[in-house]
Amino acid sequence: MIITSIISDYIEEKKSEKLYCEYLLEIDGHKLFCYNNRKDCQEFIEQQIIPFLPSDVKLIFLDGRYPKSDYSQKFASTVLYKIKNQVGFPYLLKVQNGIVLEKSINNELYNSLNQGHDFQVLYNKINKFYQKEYDTQIT
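Worth saying up front: this structure is predicted, and the values here are computed from it rather than measured.

Asks: Quick rundown of the overall build of the chain? Include the residues and the values.
Replies: When you go through the chain residue by residue, the secondary structure sums to five helices and five strands. Walking the chain from its N terminus toward its C terminus, one meets helices and strands in the order α-β-α-β-β-α-β-β-α-α. Along the longest, intermediate and shortest principal axes, the C-alpha atoms of the chain span 60 × 35 × 25 Å. The buried share of the chain, reckoned over its 139 residues, is 37%. Once local pairs closer than 6 in sequence are excluded, the contacts in the chain between residues at least 24 apart make up 60%. As displayed, the chain offers around 9,200 Å² of accessible surface, 51% of which is attributable to carbon and sulfur atoms. Across the chain, the 17 positively charged side chains and the 18 negatively charged ones have centroids separated by 3 Å.

Asks: Residues and numbers for the layout of surface pockets, please.
Replies: The space that makes up the largest pocket amounts to roughly 270 Å³. Considering the residues around the largest pocket, the lining is formed by 13 residues, among which S16, E17, Y20, K74 and T78 are closest to the centre. Looking at the lining of the largest pocket, the elements that each hand over two or more residues are α1 (2-26) and α3 (73-81). Residue contributions to the lining of the largest pocket peak at six residues, all from α1. Among the residues making up the lining of the largest pocket, the classes are represented as five nonpolar, four polar and four charged.

Asks: A description of the packing of helix α2 (residues 39-49) against helix α4 (residues 106-115) should follow, citing residues and the corresponding values.
Replies: Two elements in contact, α2 and α4, have axes separated by 12 Å at closest approach and are oriented at 100°. Put simply, α2 runs roughly perpendicular to α4. For the pair α2 and α4, contact is made by D40, C41, F44, I45 and I49 and by L109, Y110 and L113, respectively.

Asks: I'd like a description of the nonpolar core, backed by residues and values.
Replies: Residues F33, I45, I49, L53, L109, I126 and Y130 are the most contacted members of the largest nonpolar core, which totals 20 residues. The set of elements that each furnish at least two residues to this core consists of β1 (31-36), α2, β2 (57-63), α4 and α5 (119-131). In terms of residue count, α5 provides more of this core than any other element does, five residues in total. Those residues in contact with Y130, other than ones at most four positions away along the chain, are K31, L32, F33, L53, P54, V57, L92, L93 and K94. Residues Y20, I27, F75 and Y91 belong to the second largest nonpolar core, which totals 18 residues.

Asks: Give me the lowdown on α3, citing residues and values where you can.
Replies: Turning to α3, its buried residues number three or more, namely F75, A76, V79 and L80. Mapping the buried residues of α3 onto a view down its axis gives an arc of 125°, with all of them on the same face. Turned more than 90 degrees away from the buried face of α3 sit K74 and Y81, all of them exposed. Its buried side turned inward, α3 meets α1, β1, β2, β3 (66-69), β4 (91-96) and β5 (99-104).

Reading the values: the criteria
Residues numbered from 1 in each chain as written. Predicted model: local features only at pLDDT ≥ 70, side-chain atom pairs only at ≥ 80, totals over all residues. Heavy atoms only, no water. Helix = DSSP H or I, 4+ residues; strand = E, 2+ residues; numbered from the N terminus. Buried < 20%, exposed > 50% of the residue type's maximum accessible area, 1.4 Å probe, protein only. Contact = heavy atoms within 4.5 Å. Areas by Shrake-Rupley, 256 points an atom, 1.4 Å probe, with all protein chains shown as cover. Lys, Arg positive; Asp, Glu negative; His and termini not counted. Charge placed at Lys NZ, Arg CZ, Asp CG, Glu CD. 1 Å grid on protein atoms, 1.4 Å probe; cavity = no way out; pocket = protein on both sides within 12 Å on 5 of 7 lines; lining within 4 Å. Points joined across faces, edges and corners; volume = space filled by probe spheres on them. Nonpolar A, V, L, I, M, F, W, Y, C, P; charged D, E, K, R; others polar. Axes fitted to C-alpha atoms, helices over the stretch in contact; angles between N-to-C directions. Parallel < 35°, antiparallel > 145°, perpendicular 65-115°, else oblique. Core = buried A, V, L, I, M, F, W, Y, C linked by side-chain atoms within 4.5 Å. Arc of directions from axis to C-beta.

Next up, the structure:
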């Protein structure tokens with residue numbers, strides 16, 4: 001009984017992973033901006049960053065433990081869970097060739113908010129990430 005459950009869980013996990021990878025290929029080129037409801041920066045992000053994002057950037061808002069976006073909750077949760085370099089929100093994500101490229105701008109955001117650094121540095125990092133084409137080929 002336990003072995004059957006383990007095998008069933010494994011099969012479901014592999015099926016979910018395959019569907020996730022197929023979906024990444026379907027949404028190739030999508031750009032995502034992911035932020036959370038942390039009180040000290042949510043308002044700033046919504047007023048000073050989101051309006052200036054490129055028009056093709058989609059939002060994922062993590063409200064507590066629940067992501068809200070135009071994507072399914074399962075996809076949004078999975079993409080956030082799979083962030084490799086978990087240093088803090090907000091995250092810039094881009095889907096390219098079935099791979100999710102990621103960058104946290106947490107440090108730049110808090111340097112701007114708390115230490116008075118020029119916000120243009122933050123905006124430049126965001127724009128550079130979304131404009132740059134990455135070579136995902138392994139050489």
